[in-house]
Amino acid sequence: MSDGDLSVIAKNLRKTFRRDTGETVEALADVSLDVRRGALTALVGPDGAGKTTLLRLACGLIVPDGGNLQVIGVDIAKDELSFYPLIYWPIDPAAPMPSQAAIARIDAYMQQGGTVLFDTRDQFSNGIGADSTSPATERLRDILGNLNVPPLEPVPSDHVLTKSFFILPEFPGRFAGSPLWVEASLEASNADNRPVRVGDGVSPIMITANDFAGAWAVDENGDPLLPTVPNDPMQRVYALRAGVNIMMYMLTGNYKSDQVHVPVLLERLGQ
Amino acid sequence: MNWSISFEPLISWPLLAAVLVPLALLALAGLWFGQRGAVLRLVALAALAAALFNPVFLDESREPLKSVVALIVDRSPSQDIGERTRQTDEALAGLQQRLGRFNQFDVRVVEAGKPEAAEERTETRLFSALEGAFRDVPPSRIGGAIMITDGQVHDAPTGAPDFHAPLHALITGHEHEKDRRIRFENAPRFGLVGKPLDMSYRVIATGGETGPVDVRVSVNGQQVSVEHAIIGQATPLQVTIPTAGRNIIELAIDREPGELTETNNRAIALVDGIRENLRVLLVSGEPHAGERTWRNLLKSDASVDLVHFTILRPPEKQDGTPINELSLIAFPTRELFVEKIKDFDLIIFDRYQHRDVLPILYYDYISEYVEKGGALLIAAGPEYAGESSIARTPLMAALPAMPSGEIVEKAFYPRLTDIGQRHPVTRGLDGSSSEPPRWSRWFRTIGVQNPEGQVVMKGADNRPLLVLDRKGEGRVGMLLSDQGWLWARGFEGGGPHVQLYRRIAHWLMKEPELEEERLTADGRGMTLDIRRQTMSDDPGPAQIITPSGKTMTVKLDKSEPGIFLGSVQTSEIGLYQVANGDLTALAHVGPINAPEFADVVSTEDRLKAPAEATGGSVRRLASPSASGDQPGPVVLPSIVPVRASADAAGADWIGLRTTDDSVLKAVSRVPLFGGFLGLGLLLLAMGSMWYREGR
């Protein structure tokens with residue numbers, strides 16, 4: 001059975017809760033299991049065996065204290081990718097490196113108007129030195145090495161992403177400070193001299209290290225699962241707004257940027 | 001007869017010398033000392049030498065070769081003018097008769113310049129005919145060439161031609177020919193519909209004629225104005241392009257008495273009318289996966305100005321975010337749907353549902369806009385089947401199909417209906433010819449009841465997928481699935497979404513090319529091609545009115561669903577009117593402003609330089625008659641065979657080179673001292689010598 005047939009892979013999961021009373025409960029101790037795609041897998045056990053905890057972990061609602069859990073949302077090697085306007089790809093250096101064929105599918109997806117958002121989630125685990133890179137960044141480099149990656153730039157202040165729904169100067173997640181990298185826009189400072197582009201100019205790739213999903217994750221009560229770094233309540237709001245803006249950018253493209261021209265167009269009507 | 005003597009020694013020269021030289025010395029010594037018989041000895045020696053040298057008498061029988069002379073006869077249409085054909089035939093017959101008297105000339109007659117029926121640009125190309133005539137002849141045997149032409153040769157070199165024998169030209173017509181012609185100086189190929197187009201033209205006349213002349217200007221067969229032009233001056237002209245697609249602009253001047261031809265009194269320019277700035281209003285009900293597909297298509301269409309609005313946040317949804325942190329734009333509904341609505345060429349509702357954004361009254365305005373000639377496209381999604389469907393607003397008056405409330409979510413291949421096979425919007429859609437079609441499946445069909453108009457595509461369970469309808473003067477389209485974007489994203493190989501969407505949009509905006517019923521005609525050389533686009537099974541034959549007013553009928557044959565073609569060979573140049581049913585079309589057949597018809601006045605000038613460079617001459621066949629407007633009788637120069645180095649033209653004669661080449665037929669060979677004659681002579685000399693010495 002190859003990993004491609006699995007939808008959940010858990011290795012040596014551990015999770016301990018601290019009750020309000022102060023006592024600690026070990027819900028999961030060294031649990032490993034594989035769930036096959038399409039298979040009906042039953043989780044059987046007495047009350048308090050950790051069934052709920054496992055499912056919560058699988059849903060990303062809570063994070064394990066130890067071990068490794070992978071829930072495969074989209075299998076880039078097998079699933080039809082063209083349905084997705086955006087693929088959010090948190091880089092996990094522990095996950096197996098995708099096959100060449102899978103990378104080629106991602107490449108084709110990007111060529112046909114899809115966008116991949118890579119999240120290395122390592123804004124603060126990078127070393128200080130210029131050469132130091134986290135394992136997640138190295139993995140990202142390995143992946144990008146096989147893709148047709150256009151020239152990138154941090155989102156400029158006049159980019160559509162900064163105004164596709166909310167006005168947003170930056171794109172924090174659980175961490176703040178990492179720029180969001182997008183395809184470098186061509187010299188378009190002069191509106192009369194707009195470059196002609198084959199596509200619609202929507203970036204096929206976005207890269208961040210801010211761990212968006214970490215900031216969005218909430219439990220069943222809607223309470224956040226992970227603290228933001230730095231611990232600023234507005235940062236989570238901005239992280240959600242960043243998500244909305246990214247999604248709006250995916251669905252409406254550069255709609256917002258040509259709203260600048262609408263008054264002129266309306267002016268011209270009827271002449 | 002060629003006689004010659006050659007020596008063919010029986011033994012090699014050194015041996016011959018070794019034998020004869022000592023003998024000769026002995027004979028000479030004998031002569032010196034006055035010995036008896038010395039003279040005879042010398043004679044005997046000579047006879048021996050002659051026998052050994054073996055002289056041979058050769059008699060060659062040769063036949064001289066003929067020089068090849070080409071008569072290049074210009075049969076181009078400009079040679080049909082006036083008396084030129086008669087002159088040409090007369091000159092040709094006369095020359096053939098005269099050349100027939102010289103058996104040293106091999107005469108080839110080449111008729112050149114006759115236009116092909118499908119040739120677009122008619123030209124007189126005599127020099128290529130000349131080259132072709134002598135392709136198999138060695139240069140030393142070319143005797144010369146005589147061209148019988150009006151002098152309007154379009155491939156004449158400016159200097160010496162690559163021809164090394166006298167080239168003579170006999171020019172038809174006469175010196176005092178008169179002609180007026182008109183031509184476009186500047187005629188753009190494209191023009192914006194409804195806008196004046198700047199053009200310019202010039203009236204040219206022979207003989208330094210000046211003065212004003214009236215020019216009739218017609219657009220698509222309708223005379224629009226009469227302009228006053230000064231002969232010889234470039235005159236500006238402004239023409240308003242009436243329709244999109246091809247327009248025929250025609251300039252015509254009256255025939256002058258004594259003018260050579262009327263053909264070049266007309267000039268034609270074909271101008272493609274282009275519609276500028278089609279204004280499209282795209283209203284997306286909510287951000288969705290297919291929104292960028294419509295948007296990108298319309299944005300990339302150079303002829304479309306897109307005004308796009310997306311309902312990013314409905315007004316009832318408030319989450320307390322300060323307004324200055326939101327990047328939302330007010331939807332200027334009043335401006336769009338009340339004040340400016342008539343300026344839009346197409347309004348697209350892309351998955352739009354009724355919200356409080358748009359007052360109910362505005363849907364009335366949209367219905368009215370369609371009725372009065374506007375265009376509306378509904379790209380329906382699940383919301384069309386729902387509670388707040390726009391079919392539940394006054395817009396329903398404009399809609400071709402009411403929702404049934406069903407949303408069928410199953411995979412299907414979008415397919416063309418029988419009508420769709422013929423409809424210009426869907427006909428020949430890339431991939432539609434195979435089964436299943438070579439494009440991806442979609443997964444959602446919005447159910448409708450009793451669609452009006454034409455259902456050109458069908459979805460799951462053969463439900464209508466694309467409905468096209470006319471309301472009043474306007475048009476409405478309805479695409480009953482929101483999954484066209486799957487084609488754009490390359491799902492299962494994608495599909496022809498660009499082609500389909502673009503054709504839907506442009507059909508709605510009344511693009512002439514996409515009309516269901518359409519008749520077009522085109523001239524291709526002298527062939528008139530007729531194309532009928534129709535939804536019917538048989539449009540019947542087409543009636544044609546020729547430029548001279550004759551009528552004829554052409555059968556139209558089906559070439560593919562919805563397309564019928566016919567073509568006819570014509571002989572007249574000019575505008576043809578084609579009619580089929582209620583439809584009419586106009587086409588120009590024949591060369592448009594072709595060099596052949598531009599300048600038809602006979603001239604010596606074009607051929608002077610090349611002819612004189614070869615030692616030949618250019619002269620007219622006839623001088624003008626007494627009245628001056630007709631050529632006099634044809635006067636042919638006499639033909640004189642000349643040597644290669646001599647002059648090849650005089651006042652009343654033209655020279656053609658004769659060749660020195662001949663062909664060897666036979667050689668007879670008689671050895672003089674061979675056989676019994678030689679033996680007898682030798683024995684006689686020896687005998688006499690012996691007898692003399694014996695005395």
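As the structure is a prediction and not an experimental result, all values here were calculated from the model. Residue indices follow the written sequence of each chain, beginning from 1 at its first position. Labels follow written order: the first chain is A, the first ligand is 1, and so on. This being a predicted model, a pLDDT of at least 70 is required before a residue's local features are given, and a value of 80 or more before pairs of side-chain atoms are given or counted; all residues contribute to the totals for chains, interfaces and linings. Side-chain numbers come from the whole structure's heavy atoms, not from hydrogens or water.

A helix here means a DSSP run of H or I that spans at least four residues, while a strand means a run of E at least two residues long, and both kinds are numbered starting from the N terminus. For chain A, the count of helices and strands is seven helices and eight strands. To sort residues, take the accessible area from a 1.4 Å probe on protein chains only and compare it with the maximum for the residue type: under 20% means buried, over 50% means exposed, and anything in between is partly exposed. The buried share among the 271 residues of chain A stands at 40%. Two residues qualify as a contact provided that any one of their heavy atoms is within 4.5 Å of a heavy atom in the partner residue. For chain A, the proportion of contacts with a sequence separation of at least 24, taken over those separated by at least 6, is 74%. Put simply, chain A shows about 14,400 Å² of open surface, and 54% of that area lies on carbon and sulfur atoms. Per-residue and other accessible areas follow the Shrake-Rupley method at a 1.4 Å probe size, with only the shown protein chains counted as cover for residues.

This part covers the sheet that holds strand 25 (residues 518–524) of chain B. All names here are of chain B. Whether two strands pair depends on DSSP finding at least two bridges between them. What the four strands build is an open sheet, ordered 25-26-30-29; its pairing is antiparallel. Of all the strands in the sheet, the pair left with one neighbour each is strand 25 and strand 29 (557–560). When the angles between neighbouring strand axes are averaged without regard to direction, this sheet yields 30°. When strand 29 meets strand 30 (residues 563–569), the two strands line up antiparallel, connected through three bridges. Within strand 30, the position partnered with Lys558 by the bridge is Phe564. To define axes, lines are fitted to C-alpha atoms, for helices over the stretch in contact only, and angles between the resulting N-to-C directions are given on a 0 to 180 degree scale.

All names here are of chain B. Cavities and pockets were defined on a 1 Å grid built over protein atoms only: a cavity is a set of grid points that admits a 1.4 Å probe from which the probe cannot escape, a pocket is an open set flanked by protein on both sides within 12 Å along at least five of seven lines, and lining residues are those with an atom within 4 Å of any such point. Grid points are joined across faces, edges and corners, and a volume is the space filled by probe spheres set on the points. Applying the stated rule across the entire model yields two cavities of 30 Å³ or more. Roughly 60 Å³ of internal volume is contained in the largest cavity. Forming the walls of the largest cavity are 13 residues, and the residues nearest its centre are His288, Trp294, Asp350, Asp482 and Tyr501. In terms of residue class, the lining of the largest cavity is built from six nonpolar, four polar and three charged. Its boundaries defined by the atoms lining it, the second largest cavity holds a volume of some 40 Å³. Class assignment of the residues belonging to the lining of the second largest cavity gives a composition of one nonpolar, one polar and six charged. Note that Gly is not counted as nonpolar here; it falls among the polar residues with everything else outside the nonpolar set of Ala, Val, Leu, Ile, Met, Phe, Trp, Tyr, Cys and Pro and the charged set of Asp, Glu, Lys and Arg.

Moving on, we get to the packing of aromatic side chains. Residues and elements named next belong to chain B. For Phe, Tyr and Trp, rings pair up if their centres lie within 6.5 Å, where Trp contributes its six-membered ring, and each pair is then called stacked (planes under 30 degrees apart), edge-to-face (over 60) or tilted (otherwise). All chains considered together, the criterion is met by 21 aromatic pairs over all chains. Plain terms: the ring middles of Phe309 and Phe331 are 5.1 Å apart, the flat faces sit at 40° to each other, and that makes the pair tilted. One end of the pair, Phe309, is in strand 16 (residues 304–310); the other, Phe331, is in the loop between strand 16 and helix 6 (333–339), with 22 residues separating them in the sequence. With respect to burial, Phe309 and Phe331 carry one shared label: buried. Geometrically, the ring pair formed by Phe443 and Phe491 is tilted, given 5.6 Å between the ring centres and 50° between the ring planes. With Phe443 in the loop between helix 8 (418–422) and strand 21 (445–449) and Phe491 in the loop between helix 9 (485–488) and helix 10 (497–508), this pair connects stretches of sequence that are 48 residues apart. By relative accessible area, which is 24% here, Phe443 ends up partly exposed. Only Lys NZ and Arg CZ are tested; either one counts as a charge over a ring when it is within 6 Å of the ring centre and within 35 degrees of the ring normal. Lying over the aromatic face of Trp507, Arg475 brings its terminal NZ or CZ to 4.8 Å of the ring centre.

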